[in-house]
Amino acid sequence: MKNLMIFNKTYQKQNQFNTGFLILFALILFVSCSTQKPDFSQREQDFDSGWKFILGEVPGAESASFDDSQWRTLDLPHDWSIEDLPATEGKKQIGPFSEDSPGKGATGHVLGGTGWYRKTFTLDQSSEGKKVQILFDGVYMNSEVWINGQSLGVHPYGYTPFFYDLTPHLKPTGEPNILAVKVNNNGKNSRWYSGSGIYRHVNLIITGKVHIPVWGTFVSTPEVNTEKALVKLNIRISNETAESGKLIVTTRIISPDGKSESEAKTTVQPFKESKFDAEQKFELKNPALWSVDSPKLYQAVTEVSFDGKVVDQQTTTFGIRSIEFSAEKGFLLNGEKVLLKGGCMHHDNGPLGSATIDRAEERRVELMKKFGFNAIRTSHNPPSRQFLDACDRLGVLVIDESFDQWKRPKNPEDYNLYFDEWHQRDVEAMVLRDRNHPSVIIWSIGNEIPERADSTGLEITKKLSAIIKNIDQTRPVTAAICEFWDNKGKTWEATIPPFALLDIGGYNYQWKHYESDHVLFPQRIMIGTESVPKEAFENWQLVEKYPFVLGDFVWTSMDYLGESGIGHTLVSKDGKDQFSPGWPWYNGYCGDIDICGFKKPQSYYRDVVWKIKNLEMAVHAPIPSGMKEIVSFWGWPDEQQSWNWAGDEGQKLQVNVYSNYPEVRLELNGKAIATKPVSAETKLTATFEVPYEAGELKAIALKDGKEVETKVLKTTGKPSKIRLTADRSELKASRNDLSYVTVEITDEAGILVPDADLPVQFKVEGAGELAAVENGNPKDMKSFSTPQVNSFKGRCLVILRPNGTSGEIKLKAASSGLENAEVVVMTK
């Protein structure tokens, strides 16, 4: 018994120790859990993978019980109009191109139709009691969305983002939910290639019931200089609970090098309203300014707590910069004058169609920067979020445009059908989403609007401008105005009222009116919102001469699908021209950059006009006897950077030398042809007639009689090899990354053969797939997904896409009679 009693006392002491330890451990765990912040890294989730798709009308496909097991599985973004059509006997069609296209050449000879998308998803316990929304960045067009059989709404416009609250219709945690989307792209509704489907990204947004709503943060920088900057945040907080409590909104500013620079806190007690707008200001010393040459980006990390619990956190990227516009000083960025070297750009990604793959969006901006542009006009609609992100990162300025039409149609089924009901929501979506991008400097409310100068149009101009200014007063508003080819009887004087309502007057192809309009309206700020390559010199001379002309935006910076062949150059006996040459032309071919991303002849001339280069040379292709060259309004003469003209020996060829030097001498195989002056009077061009002889053609720039620079074109050897060059050798193992591989036909010495048009076959192995092929030839209709393409002027392009796994992607290229090639791209 004694021993037993001792045992019991020992047990009791041990039990007391264990109990105390457990209580202490539980207390530590409670404190740890209560102070640990929730993970908001999944606040906005990628919702692109694992969708089911079918093309065609499918009754009942919105039902949650519908069987979609036989549908195709794919990842977004997706554009069905770029995909090969099934074989149809008796129809003229090639790849995605068909004679049955409602838009014909205007839309690139492709088809639209009706498509259905469905996605099954299950939410875990972390979403219990949360607000769940779905955000579509763009669906073309006329979409309707259902969740578990319940319609959430329709969205007609194909270029603006929209979102829905899924919360009231979701199944309990752990049970599957069915999302269905119907897309209708029918009739004649566009003047260019639009694409079809959910062609931009989709995100699932999960927040607390007290949260920052979609696009609820606005960052502005009202005071900026090199010594300090005032950063202002306006943050909307939504309260969807029936509770009141203590609200704390805390924002930290993170510098471009990742350091925390400043913090502000706003407290509301009690917070019981449905919404609250917090305003927070930060004074930053020696700020890193965002500019074209140094696009530094900050982050604002905003944390929302309610009754002591962190319920939401959002990171907003922004840049610190000032913009100023005036007729006296022009456009000032951070107090320094910037001339806008601009290009208009449609939204498609060439052989990928309109699919907004992140790397494709980024590459287009990279190409603009690489080839001397510092500004883009997003004609004629808001771009993707990823496109603007790239402009922010790379330092390219943007005119963000809303519409191509208002109430009066340009096509029977275009946006005119929806303008009255939807214009306010669509403009608000554009401005709310894009207002934090430092790259965006001007809003545009329309392009060549038919009713621009009548009473209806003037009222719409006022209304659209007011909608924008109600959200964002930090940027000016413009619209692109052209002559009245669409309103017979009206003269240029009819533009006075619409220009008076705009902060900046957008002139399409009207450089001849700059000086005379300035005399009448000296405070009017002007910008060339569209121009043609053939008038690059005239436009830029006025930009350089007058501060009230902010810049010039060429139509276009890069070739695009649709408006087929408007930039054509042809030869014919009668010399008659037409707006579009028709089938088989499928791209506009008016860009400085072709659809592959290669420079075109007019780009070399622009380099000299913009003083990016001081000497360039081009040779005009021989024109057959008895034929006349036809260069369209948007076209360029058939020049090439080539001295390969076998079969034309002895024939005189026109050689243009473009130069910023006062004189140029041309030599062929060491013999002088002539020396000619160059000046503004000659539009920086010296023209020579040279009998063709294989060898070396050399242009020599002279200043004060001395040779200062040379440009050489050489006759190459015969095609011998294939050279493959990947733009990047290492990719992310992500469906949103791409490798663009340039394929070149070279001679034995490795020199590009500029007249080599040869079929090349491809094979892709490993952790990726062939996303597309292209060659830049505007009338070589083809399948973009077949692993073969003809080279065009010695080059073509292959686009590789990772399959989502790590490893290597191997591309092999072969062509009869040539030395084969291969390249390896790694994915990680």
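Residues numbered from 1 in each chain as written. Predicted model: local features only at pLDDT ≥ 70, side-chain atom pairs only at ≥ 80, totals over all residues. Heavy atoms only, no water.

### Some remarks on the overall build of the chain
Counted only if it meets this: Each helix is a run of H or I in the DSSP string that is no shorter than four residues. Each strand is a run of E no shorter than two, and both are numbered from the N terminus. With the radius of gyration taken over C-alpha atoms, the globule rule is written as 2.2 Å times the number of residues to the power 0.38. Buried, partly exposed and exposed residues are distinguished by accessible area as a fraction of the type maximum, computed with a 1.4 Å probe on protein chains only: under 20%, between the cut-offs, and over 50%, respectively. Whether two residues touch is decided by their heavy atoms; if any such pair falls within 4.5 Å, the residues are in contact. Calculation of accessible area relied on Shrake-Rupley with a 1.4 Å probe; when residues are assessed, cover is drawn exclusively from the protein chains displayed. When charges are counted, Lys and Arg are positive and Asp and Glu negative, with His and the chain ends excluded. Charge coordinates come from a single atom per side chain, which is NZ of Lys, CZ of Arg, CG of Asp or CD of Glu.
When you go through the chain residue by residue, the secondary structure sums to nine helices and 50 strands. Taken against the 2.2 N^0.38 rule, which gives 28 Å for 828 residues, the C-alpha radius of gyration of the chain at 30 Å falls within 12% of a compact globule. Oriented by its inertia axes, the alpha-carbon framework of the chain measures out at about 125 × 65 × 60 Å. Taking all 828 residues of the chain together, the buried fraction comes to 56%. Partitioning the contacts of the chain with sequence separation of at least 6, the portion at a separation of at least 24 is 71%. For the chain, the accessible surface area stands at approximately 34600 Å², while carbon and sulfur atoms represent 50% of it. Seen as two clouds, the 95 positive and the 109 negative side-chain charges of the chain have centres 3 Å apart.

### A short note on the pairing of strand β49 (residues 807–814)
Heads up, the condition is: When DSSP locates at least two bridges between a pair of strands, those strands are taken to pair.
Pairing geometry for strand β45 (residues 759–766) and β49, over six bridges, is antiparallel. By the bridge assignment, Q761 is partnered in β49 with A814. Examined bridge by bridge, β49 and strand β50 (residues 821–827) share seven bridges and lie antiparallel to one another. Pairing of I809 across the sheet is with V825, part of β50. Between the end of β49 and the start of β50, which pair antiparallel, lie six residues, with G817 showing a positive phi angle near 85 degrees.

### Side note on the confidence of the model for the chain
Test applied: The predictor attaches a confidence to each residue, and that confidence, scored 0 to 100, is pLDDT.
For the chain, per-residue confidence averages 94 on the pLDDT scale, and 95% of positions sit at 70 or higher. Here residues 1–35 is a poorly scored stretch, pLDDT under 50, and it has zero contacts once near neighbours within four places are set aside; other chains count.

### Structural notes on helix α4 (residues 419–434)
Among the residues making up α4, those that are buried are F419, W422, H423, D426, V427, A429, M430, V431, R433 and D434. Considering only its buried residues, α4 is in contact with β9 (150–155), α3 (385–394), β26 (397–401), β27 (440–447) and α5 (455–471).

### Observations concerning the nonpolar core
Heads up, the rule is: Side-chain atoms within 4.5 Å link the members of a nonpolar core, which is a set of buried Ala, Val, Leu, Ile, Met, Phe, Trp, Tyr and Cys residues.
Core analysis: the biggest nonpolar cluster contains 115 residues, and F331, L340, L397, W643 and V655 have the highest contact counts within it. Listed in part, the 27 residues of the second largest apolar core include W51, L76, L179 and I198.

### Things to note about the packing of helix α2 (residues 358–370) against α3
Two packed helices can be described by the angle between their axes and the distance between those axes. Applicable threshold: Convention adopted: a line fitted to C-alpha atoms gives each axis, helices being fitted over their contacting stretch, and angles between N-to-C directions are expressed from 0 to 180 degrees. Working rule for angles: under 35 degrees goes down as roughly parallel, over 145 as roughly antiparallel, 65 to 115 as roughly perpendicular, anything else as oblique. For any helix crossing, the convention is left-handed if the near helix is rotated counterclockwise from the far helix by under a right angle, and right-handed if that rotation is clockwise. Any residue that is not Ala, Val, Leu, Ile, Met, Phe, Trp, Tyr, Cys, Pro, Asp, Glu, Lys or Arg is counted as polar, Gly included; the first ten are nonpolar and the last four charged.
Taken N-terminus to C-terminus, the directions of α2 and α3 make an angle of 40 degrees; their axes are 8 Å apart at the nearest point. In terms of orientation, α2 and α3 fall into the oblique class. The two elements α2 and α3 meet at a crossing, and its hand is right-handed. Counted together, D358, E361, E362, R364, V365, E366 and K369 of α2 and Q386, F387, A390, C391, R393 and L394 of α3 form the full contact between these two elements. Here the contact of α2 with α3 is built from residues that sort into five nonpolar, one polar and seven charged.

### Regarding the pattern of salt bridges
A pair can form between side chains of opposite charge whenever their charged atoms are brought close. For clarity, the threshold we go by: A pair is scored as a salt bridge if a Lys or Arg side-chain nitrogen falls within 4 Å of a carboxyl oxygen belonging to Asp or Glu.
In total, this model carries 50 salt bridges according to the counting rule given. Across the salt bridge formed by K281 and E279, the nearest N and O atoms sit 3.8 Å from each other. According to the relative accessible area criterion, E279 is partly exposed, its value standing at 46%. Residues E515 and K545 are paired through a salt bridge, measuring 4.0 Å at the closest nitrogen-oxygen approach. Here E515 is found in helix α7 (residues 514–520), whereas its partner K545 is found in helix α8 (residues 536–545), with 30 residues between them in sequence. Accessibility expressed as a relative area gives 56% for K545, which makes it exposed. Several salt bridges converge on common partners, so that one network encompasses R359, E362, E366, R393 and D727.

### Let's talk about the environment of T160
Let me state the cut-off plainly: In protein, a polar contact means a hydrogen-donor-capable atom and an acceptor-capable atom, both N or O and within 3.5 Å, with residues adjacent in sequence counting only if both atoms are side-chain atoms; elsewhere, any N or O pair within 3.5 Å suffices.
Among the secondary structure elements, T160 is positioned in the loop between β9 and β10 (162–165). Given a relative accessible area of 1%, T160 falls into the buried group. For the pair T160 and E279, spaced 119 residues apart in sequence, the C-alpha separation works out to 27 Å. Discounting residues that sit within four places of it in the chain, T160 has contacts with D137, G138, H155, P382, D426 and A429. Here the side chain of T160 touches H155 through a polar contact of 3.0 Å, side chain to side chain. In terms of polar contacts, T160 uses its side chain to reach the side chain of D426, at 2.7 Å.

### A word on the sheet that holds strand β38 (residues 671–677)
Strand order in the open sheet formed by four strands is β38-β37-β40-β41, with antiparallel pairing between adjacent strands. Each edge of the open sheet is held by one strand with a lone partner, namely β38 and β41 (706–714). On average, adjacent strands in this sheet sit at an angle of 20 degrees to one another, irrespective of strand direction. Where strand β40 (residues 696–703) lies against β41, eight bridges are found, and the strand directions are antiparallel. Along β41, the bridge assignment pairs E696 with K714.

### Thoughts on the environment of H518
In this fold, H518 is placed in helix α7. Residues H518 and V549, 31 residues apart in the sequence, show an inter-C-alpha distance of 9.6 Å. For H518, the residues in contact, after removing those within four places along its chain, are M526 and F548.

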